[in-house]
Amino acid sequence: MNTQPNLFADANDSLGGYRHEVKLPAGDLTVYAAQQLFSSLDYKVFEMANNNLQIPGISYMSYTPDVHVGVGTCIGTTAVWDANNGYVSPSIVGSDIGCGMRVHMTNLHKDDLKDVKLRRKLVKAIEKVLPMEANQRGHYSDIRLEHIVRKGLHGLPKKYIPDGYTPKKSTSITHVESSKFTFDEEVLNLVPDMTWHRSHRQLGTLGGGNHFAEIQAIEIAEENRDIAEAWGLVDGQIVVMIHSGSRTWGGHISQTSSSAIAKMMQRNGLGTSDPRLVFAPLEHAEGRHYVNMMYSALNYAVVNRHLIAYSIREAFREVFGSKCEFRTLYDLMHNYAWEESHPDQGSVFVHRKGATRALPAHHPDNPKPYLATGHPALIPGSMGTASYIMVGQSQGVDNFYSICHGAGRIRSRNATKRLVTLADFERALGVGTENEIVVNQRSLESIIDESPQAYKNVDEIIDSVTGAGLAQVVAKCKPLAAVKGAK
DNA sequence: ATGTCC
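Since we're looking at a predicted model, the values are computed, not measured.

Definitions and limits used
- Residues numbered from 1 in each chain as written.
- Chains lettered and ligands numbered in written order.
- Predicted model: local features only at pLDDT ≥ 70, side-chain atom pairs only at ≥ 80, totals over all residues.
- Heavy atoms only, no water.
- Near = heavy atom within 4 Å.
- Polar contact = N/O pair within 3.5 Å; in protein donor to acceptor, adjacent residues only side chain to side chain.
- Helix = DSSP H or I, 4+ residues; strand = E, 2+ residues; numbered from the N terminus.
- Nonpolar A, V, L, I, M, F, W, Y, C, P; charged D, E, K, R; others polar.
- Core = buried A, V, L, I, M, F, W, Y, C linked by side-chain atoms within 4.5 Å.
- Buried < 20%, exposed > 50% of the residue type's maximum accessible area, 1.4 Å probe, protein only.
- Salt bridge = Lys/Arg side-chain N within 4 Å of Asp/Glu carboxyl O.
- Contact = heavy atoms within 4.5 Å.
- Pairing = 2+ DSSP bridges.

Peer 1: Describe in detail the protein's contact with DNA strand B, supporting the description with residues and values.
Peer 2: In the neighbourhood of DNA strand B, 14 residues make up the surrounding shell, with Ser-95, Gly-208, Gly-209, Asn-210 and Arg-247 lying closest. Restricting attention to atoms of DNA strand B within 4 Å of the protein, one finds that 63% of them are sugar or phosphate atoms. Between a phosphate oxygen of DNA strand B and a main-chain N or O atom of Gly-208, the distance comes to 2.6 Å. Elements supplying a minimum of two residues to the surface near DNA strand B: helix 6 (193–202) and helix 8 (247–268). Top element by residues in the surface near DNA strand B is helix 6. It accounts for 3 residues. Class assignment of the residues belonging to the surface near DNA strand B gives a composition of no nonpolar, 9 polar and 5 charged.

Peer 1: Break down the nonpolar core for me, citing the residues and quoting the values.
Peer 2: Within soluble globular proteins, side chains that are nonpolar tend to cluster in buried spots. Of all hydrophobic cores here, the largest spans 122 residues; its most connected members are Tyr-63, Leu-233, Trp-249, Leu-329 and Met-390. Among the elements that line this core, the one with the most residues is helix 9 (residues 285–320), at 12 residues. Formed by 28 residues, the second largest nonpolar core is a distinct cluster that contains Ala-125, Ile-242, Val-438 and Ala-481.

Peer 1: With reference to specific residues and values, describe the pattern of salt bridges.
Peer 2: Enumeration over the complete set of coordinates arrives at 26 salt bridges. Across the salt bridge formed by Arg-327 and Glu-325, the nearest N and O atoms sit 3.4 Å from each other. The exposure class of Glu-325 is partly exposed, given its relative accessible area of 34%. Arg-413 is the salt-bridge partner of Glu-450, the closest N and O atoms lying 2.8 Å from each other. Residue Glu-450 is found in the loop between strand 18 (438–439) and helix 12 (458–467), and its partner Arg-413 is found in helix 10 (residues 413–419); the two are separated by 37 residues along the sequence. Given a relative accessible area of 4%, Glu-450 falls into the buried group. Given the relative accessible area of 30%, Arg-413 is considered partly exposed. Residues joined by salt bridges that share partners form a network here, namely Arg-409, Arg-413, Asp-449, Glu-450 and Lys-484.

Peer 1: Tell me about the environment of Lys-114, and name the residues and values.
Peer 2: Relative to the elements of secondary structure, Lys-114 occurs in the loop between strand 7 (100–109) and helix 4 (116–129). For Lys-114, a relative accessible area of 61% puts it in the exposed group. Residues Lys-114 and Leu-480 lie 366 residues apart in sequence; the distance between their C-alpha atoms is 8.9 Å. Beyond its immediate chain neighbours, meaning those up to four positions away, Lys-114 contacts Arg-119 and Glu-434.

Peer 1: Tell me about unusual backbone geometry, residues and numbers included.
Peer 2: With a phi angle near 65°, Asn-135 is a residue other than glycine that sits in the positive phi range. Structurally, Asn-135 is set in the loop between helix 4 and helix 5 (145–151). Positive phi, close to 50°, is recorded for Arg-247, a residue that is not glycine. With respect to the helices and strands, the residue Arg-247 is situated in helix 8. For Arg-247, a relative accessible area of 24% puts it in the partly exposed group.

Peer 1: I'd like to hear about the pairing of strand 4 (residues 60–68), residue by residue, with values.
Peer 2: Taking burial as the measure, the 9 residues of strand 4 include 9 buried ones, the bulk of the element. Sheet topology places strand 3 (residues 27–32) next to strand 4; 2 bridges connect them, and they run parallel. Paired with Val-31 across the bridge in strand 4 is Tyr-63. Looking at chain direction, strand 4 and strand 5 (residues 75–82) are connected through 5 bridges and run antiparallel. Paired with Tyr-63 across the two strands is Thr-77, which belongs to strand 5. What sits between strand 4 and strand 5 in their antiparallel hairpin is a turn of 6 residues, with Gly-72 showing a positive phi close to 80°.

What is shown is where atoms sit, not what they do.
This is the structure:
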């Protein structure tokens, strides 16, 4: 409950209670959330917004309904500056640069996976090709990391972009948000050998925490059946959803850039109430350096998800034969900052931290295959609950087209370990029943901090997004099996 | 999130 209501006594609700304009001492915050979710927000998220709003020149800041406290900045933040006179903040982007979602579509039906033993077999096959133990090396030592961070998907050897990876013989790189982020490659010379080495070994690995790969069965939303069909989605279809990021490459960039920027801030007397919140003018050497490095991490993250998908495709082909399709639906990030064009504000520099860009039909930033419909917006649920494939609405322009990025944590990992029992977790996964969501980890205890009881109800989050007119549901994705990385 | 503290 909110114990210090004065801060947002001036909250002005609109859009039937789904949008809240909050007056904070340092500036205005927009919160997209149904009334009940809004009322239940922790006071700390407003405190963090107030710190972020102290960064000079910020022109817009908003929260998604899944907002929760992070380090320096809340997860669920969209923060915007004028691109010509703006600031960039590694603390807003966060440490997992380029973290995001990827979905592949198979030609399997949920009935093909009805047998729990077959789901176990599939998970075992995935474990063979997809490293999930901490510090376990990936299987892609033949790929040059230098090519990946410089050229993104274009740096991959051809054999890793198989025919039929996407519909109509187009390659998978036409079906992602961006196949290559261009930057000043000089910055790569400053990355230490150890980071090159570790990041090379880590290519194609899932990582820990909330990262996962899930096998899901989809239900098409009736009102968007035409869009679903245009995307190649049908009722009961098995899809594979992947959530991962830039691993140690992005982590290294975040850490080194943040400390360089912190020093620059000290020299120039810059700062807010929170010393952990670092930022630099875009035109400063430190700001430019971070942006360049960040883009290399975006390349790493997209390729990492592509390779995870490639590995899982191998497992599917082993279990279901070589006729098993594995077409790319989309790859979409939720942690990054970049320049965009806004109809009223022109060139803007947009940070998204745990916020997903969901463009509507005909927006010019859609990749060509999705120009007529809008691109798929991929929203993960918590483990054992549904995920969603959505599409943006034109009204989303008010929020720079940002929507949620998942369920949103309601209790810390430690609090979850204290409060949630193994029996609770097993019940949530249907362990022992024929509908069991099969998980790779032999000991569920090791991932109990990821149990659904640690998260908000994703359906309420989605309701807030649709209620506010930001996006619509195209398909609901129900998990049949999940693989998680070890701690 | 992260080779979770040089």
